[in-house]
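Structural characterization, general
Each chain, letter by letter, is given below.
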Amino acid sequence: MNKKLKFILVISIMLGAFGYLMVSGFNNSKTYYMTINEVTASADKGKLGKQNLKVSGKLVGQSVKWDPSKTELKFEMISEDQSKIMPVLYKGVKPDNFNDGIDVIVDGKYTVEQVLLADKVMTKCPSKYEEQK
Amino acid sequence: MSSIGTIGLLIALGLSLYSLVAFYLFNSNKGLKYLLSAKNAVYGTALFTTISVVAMLYALIAGDFSIEYVTQYTSQDLPIIYKLSALWAGNAGSLLFWAWILVLLAAVVTASKENKEFIPYASPIMMVVSVFFLFMINFVSQPFIQLSNVPLDGMGMNPMLQNPGMVIHPVTLYLGYVGFTVPFSFAMAALIMKNPGDQWIKLTRKWTLISWLFLTLGNLFGAQWAYVELGWGGYWAWDPVENASLMPWLTASAFLHSVMVQERKNMLRIWNMVLIIVTFGLTLFGTFLVRSGVVASVHAFGSSSLGAYFLIFTSLIILAALYLVADRINMLRQGNQFESYISKESSFLLNNLLLVGSAFSIFWGTVFPIVSEAVVGKKIAVGIPYFNQVNAPIGLAFTLLMGICPLIAWRKANFENIAKNFMWPWIIAIIGLLVIVFIGGITKPYALIAYTICVFVISSTLQDILKGVRVRKKLTGENLLVSLIRLLSKNRRRYGGYLIHMGIVMMIIGITGSNVFNSEAIKTFKPGETAVVGGYTISFKGLQQTTRDNMEVVYADLSVINNNNDMGNLQVEKVFYSKSEQPMTEPAIISTFKEDLYVLLTGWEENGSAIFKIHINPQIKWLWTGGWVIVVGVMFALWPGKGSGVGSRYIGRGEVSYGKRVS
């Protein structure tokens, strides 16, 4: 019985450490998935604070301003229903397939200036060209 | 071509269904002729699926744009190698490709002589999976749909996919995924046959190991591809799709280790069953994630209705498998118990807990958005820090175990022995630590811990080999070299495993270096300007433009000098494909074991100056090289002939003796 007890002890210590890692890591990097409409709605109510956000939308092609000398990318995303526009500021390199209408996923925080300050800008890699509709 | 393909797939589906019926009839004692008939149906399924695949490949190469799939993924000016790889560029084609590998595997397994007893049960299980895939490509995601208006040219392949990675990454990954169907089917067969011993493990060891190797390579080739593709977040970004291929790798690695405990000691029977079920389930789950669009990923296929089918099929087959385990649980329980908590088997168990724990944390992080949306109505994701924070310590503990595990005796070890065994490796590791701190000048704690552990694992592995050589030399009187070669070649499973461990250690070194010490700079160069970045003297002559195949290329030749060594020219490019407006930024890389100099052309100005983003990524090469070491290790362990077999079963002595296997 004693042996079994030791086993259980060792395993529960491991599980405890493991659980701690998971919970603390989770709290540090919790990110809310939101649509553009949800972000603006919660921002209006002042509920957004300093949360990490993951916002997806479609790129507005003519809004893209890319300054390579400062590596600064400014662009706007538009919501699926085309009702809300969100400006994004990203200190990083412009992704390659940055075309009008492409799906963009932005990680970052929403600032008081109503700009999404991006840590990361990802473009969806479509396996095929979408058919024009 | 389209009709040949369609009809081929329909016949293949019919034959696969028939094989299930025939296997069933044979298993209900209706006569041997049904077994033969069922086997023939399996071969027929493979044949007709092959015909369809050949038809598709022919259509892709010939540019038969009457087929929608061909139009969507290729164009006339696409290089032939990418025309071929368009087979797995889209949903329908990649399912066809998957089904094809699966039915070929099923045919090989069915034809194999050594599996005779298991065939009537294992083969139909593979066919059940095949039926699902064939059903999907026959009715849900059809590759041979025809267009009523045949276009003159296709839409071409996404430039991001026109990379050598596209040729090799999906193939290796799919081979890995599909390969696990074999051990899964044999495990289920063992349960159905009420033969819960280790026979199914022995029969499928090669399949498991080769599938694991392909999964390893698939992940690495994917990482290598993402490394050179801007916007994919580096070689590893904990993207859901990347996670989807890492999870089965982790559980499969756990499985590879825990089956050794069952073979040697007849323990962990239930655990092994569960592990192979989970691994198989995760290979299908990965496909569900990639195809369904339920999680946001940069690598996913376009969202489609495929996800629901995959989810239902995966759930059903996993539930059925778990039901079988539960039903036979008493039979599985009749194994041995642990005798001591310091023993090889318990260190294997620890290794398993770490690997499965890591897989679980990744699973949780990956599906959390789905769970949170269902439970609280808000989609909450976890970021990269979560995955790093959980998995870095697990990874280090796991690496440490690789150094400890081989040196602990089976059944029962004691602290005195362990202290004696580990004295030298620890001394060397501490010397290594001092060297790293005082000569290497590294002070970051994570890196110090990681490197020290790596030195320890290498030295403890070498010590173990040395010990083996000494014992062998004493017993046989051979000279050092001969006894080393004979020792290694006569215990290839063991030492192949060690080599794989060394490959993993190299990968850990690469992951540590590239994460802890990476740096980047952005620099504008005027034509003719020379600047020093990160120790490299880089000269920029000017931008040039050229036409190559179907694309316009803007490029810069940079000459690079490091420590008075001419490192040659770096050609950094932006490529404009004719079929798309988007440019592709192609990095140029000078790779050494010390570090990668990784340069991107991010833009240019009117006056001819160009802006470069320059990354210094230390030790990345270790990661890729480690992968090749693993390939060699697996081949060494598996190469047919003497010495690749299972080591002797534990026979009750205090330590596994080298002498015994010499004789």
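Residues numbered from 1 in each chain as written. Chains lettered and ligands numbered in written order. Predicted model: local features only at pLDDT ≥ 70, side-chain atom pairs only at ≥ 80, totals over all residues.

As a further point, take the overall build of chain A. When you go through chain A residue by residue, the secondary structure sums to two helices and seven strands. In chain A, the succession of helices and strands from N to C terminus is α-β-α-β-β-β-β-β-β. Its C-alpha atoms give chain A a radius of gyration of 21 Å, more than 25% over the compact-globule value 14 Å for 133 residues. By its C-alpha atoms, chain A is 70 × 40 × 35 Å across when sized along the principal axes. Long-range contacts, defined here as pairs at least 24 residues apart, represent 47% of the contacts in chain A between residues at least 6 apart. (Helix = DSSP H or I, 4+ residues; strand = E, 2+ residues; numbered from the N terminus. Rg over C-alpha atoms; globule rule 2.2 N^0.38 Å. Contact = placed C-beta atoms within 7 Å.)

Residues and elements named next belong to chain B. As summarised here, the arrangement of the five strands in space is S3-S4-S5-S6-S7, forming an open sheet in which the pairing is antiparallel. With one partner strand each, in any of the chains shown, strand S3 (530-533) and strand S7 (583-586) form the two edges of the open sheet. Adjacent strand axes in the sheet meet at a mean angle of 30°, parallel and antiparallel pairs treated alike. (Pairing = 2+ DSSP bridges. Axes fitted to C-alpha atoms, helices over the stretch in contact; angles between N-to-C directions.)

Let us look at helix H14 (residues 344-376) of chain B. Residues and elements named next belong to chain B. Taking 1.5 Å of rise per residue, 33 residues should cover 48 Å, and H14 covers 45 Å from first to last C-alpha, within 8% of that figure. Approximately 55° is the largest bend angle found in H14, and it occurs at Val367, with the proline Pro369 only one to four residues beyond. Within two residues after H14, Gly377 carries a phi angle of roughly 80°, on the positive side. (Expected span 1.5 Å × (residues − 1). Bend = angle between axes of the 7 residues up to and from the residue.)

The subject of this paragraph is the interface of chain A and chain B. It is common to report an interface's size as the accessible area lost on association of the parts. Contacts between chain A and chain B engage 39 residues on the former and 45 residues on the latter. For the side of chain A that touches chain B, the elements supplying multiple residues, two or more each, are helix H1 (2-28), strand S1 (30-35), strand S2 (52-59), strand S6 (103-110) and strand S7 (116-123) of chain A. With eleven residues, H1 of chain A is the single largest residue contributor to the side of chain A that touches chain B. Sheet topology places S1 of chain A next to strand S1 (residues 380-382) of chain B; three bridges connect them, and they run antiparallel. Bridge assignment links Tyr32 of chain A to a residue of S1 of chain B, and that residue is Ile380 of chain B.

Let us look at the packing of helix H16 (residues 415-438) of chain B against helix H17 (residues 445-476) of chain B. Residue and element names in this part refer to chain B. It is at 8 Å that the axes of H16 and H17 come closest, and there the two elements cross at 145°. H16 and H17 meet at a crossing whose hand is right-handed. Contacts between H16 and H17 involve Phe422, Trp424, Pro425, Trp426, Ile428, Ala429, Gly432, Leu433, Ile436 and Val437 on the former and, on the latter, Leu448, Tyr451, Thr452, Val455, Phe456, Ser459, Ser460 and Gln463. Grouping the constituent residues of the contact of H16 with H17 by class yields 13 nonpolar, five polar and no charged. (Left-handed = near helix turned anticlockwise from the far one by under 90°. Nonpolar A, V, L, I, M, F, W, Y, C, P; charged D, E, K, R; others polar.)

The next thing to look at is the environment of Pro587 of chain B. Residues and elements named next belong to chain B. Tracing the sequence through the fold places Pro587 in the loop between S7 and strand S8 (588-591). Each C-alpha atom, one on Pro587 and one on Gln571, is 8.3 Å from the other, the two residues being 16 residues apart in sequence. Each residue touching Pro587, except ones within four places of it in the same chain, is listed here: Val228, Tyr598, Val599 and Leu600.

Take the pairing of strand S10 (residues 610-618) of chain B next. Residues and elements named next belong to chain B. Here S10 lies mainly inside the structure; eight of its nine residues are buried. Alignment of strand S2 (residues 519-525) against S10, held across seven bridges, turns out to be antiparallel. In the strand pairing of S10, Ser519 is matched with Ile616. Examined bridge by bridge, strand S9 (residues 595-604) and S10 share nine bridges and lie antiparallel to one another. Bridge pairing in S10 links Asp596 to Asn617. Joining the antiparallel neighbours S9 and S10 is a turn of five residues, in which Gly608 adopts a positive phi near 90°. (Buried ≥ 20, exposed ≤ 12 C-beta atoms within 10 Å, placed from the backbone.)

It is worth spelling out the domain arrangement of chain B at this point. All names here are of chain B. You can read the domains of chain B as domain 1 (1-157), domain 2 (163-335), domain 3 (391-516 + 626-662) and domain 4 (519-618). Here the C-alpha centre of domain 2 lies 21 Å away from the C-alpha centre of domain 1. On the domain 2 side, the residues contacting the 24 residues of domain 1 number 23 residues. When contributions to the side of domain 1 that touches domain 2 are tallied by element, the ones reaching two or more residues are helix H4 (80-85), helix H5 (91-111) and helix H6 (119-140). (Domains from an automatic or database assignment.)

Residue and element names in this part refer to chain B. Their axes nearest at 9 Å, the elements helix H10 (residues 240-265) and helix H11 (residues 269-292) cross at an angle of 165°. Classified by the interaxial angle, the pair formed by H10 and H11 is roughly antiparallel. Handedness of the H10/H11 crossing: left-handed. When its residues are assigned to classes, the contact of H10 with H11 shows 17 nonpolar, eight polar and one charged. (Parallel < 35°, antiparallel > 145°, perpendicular 65-115°, else oblique.)

What follows is about the sheet that holds S2 of chain B. Sheet strands line up and pair through hydrogen bonds in the backbone, either parallel or antiparallel. Residues and elements named next belong to chain B. The strand order across the open sheet built from four strands is S2-S10-S9-S8, with neighbouring strands paired in antiparallel fashion. The sheet terminates laterally at S2 and S8, the two strands that pair on one side only. Strand after strand, the sheet turns through a mean of 20° between neighbouring axes, direction not considered. Of the strand pairs in this sheet, S8 and S9 are connected by four bridges, and their pairing is antiparallel. Its bridge partner being in S9, Ser591 is matched across the sheet by Asp596.

What follows is about the nonpolar core. Residue and element names in this part refer to chain B. Judged by nonpolar contacts, the single largest core of 173 residues is most densely connected at Ala99, Ala106, Phe133 and Cys454. Of all the elements, helix H9 (residues 199-227) adds the most residues to this core, at 16 residues. Apart from residues lying up to four places away in sequence, Cys454 is in contact with Thr399, Val505, Ile508 and Ile509. (Core = buried A, V, L, I, M, F, W, Y, C linked by C-beta atoms within 7 Å.)

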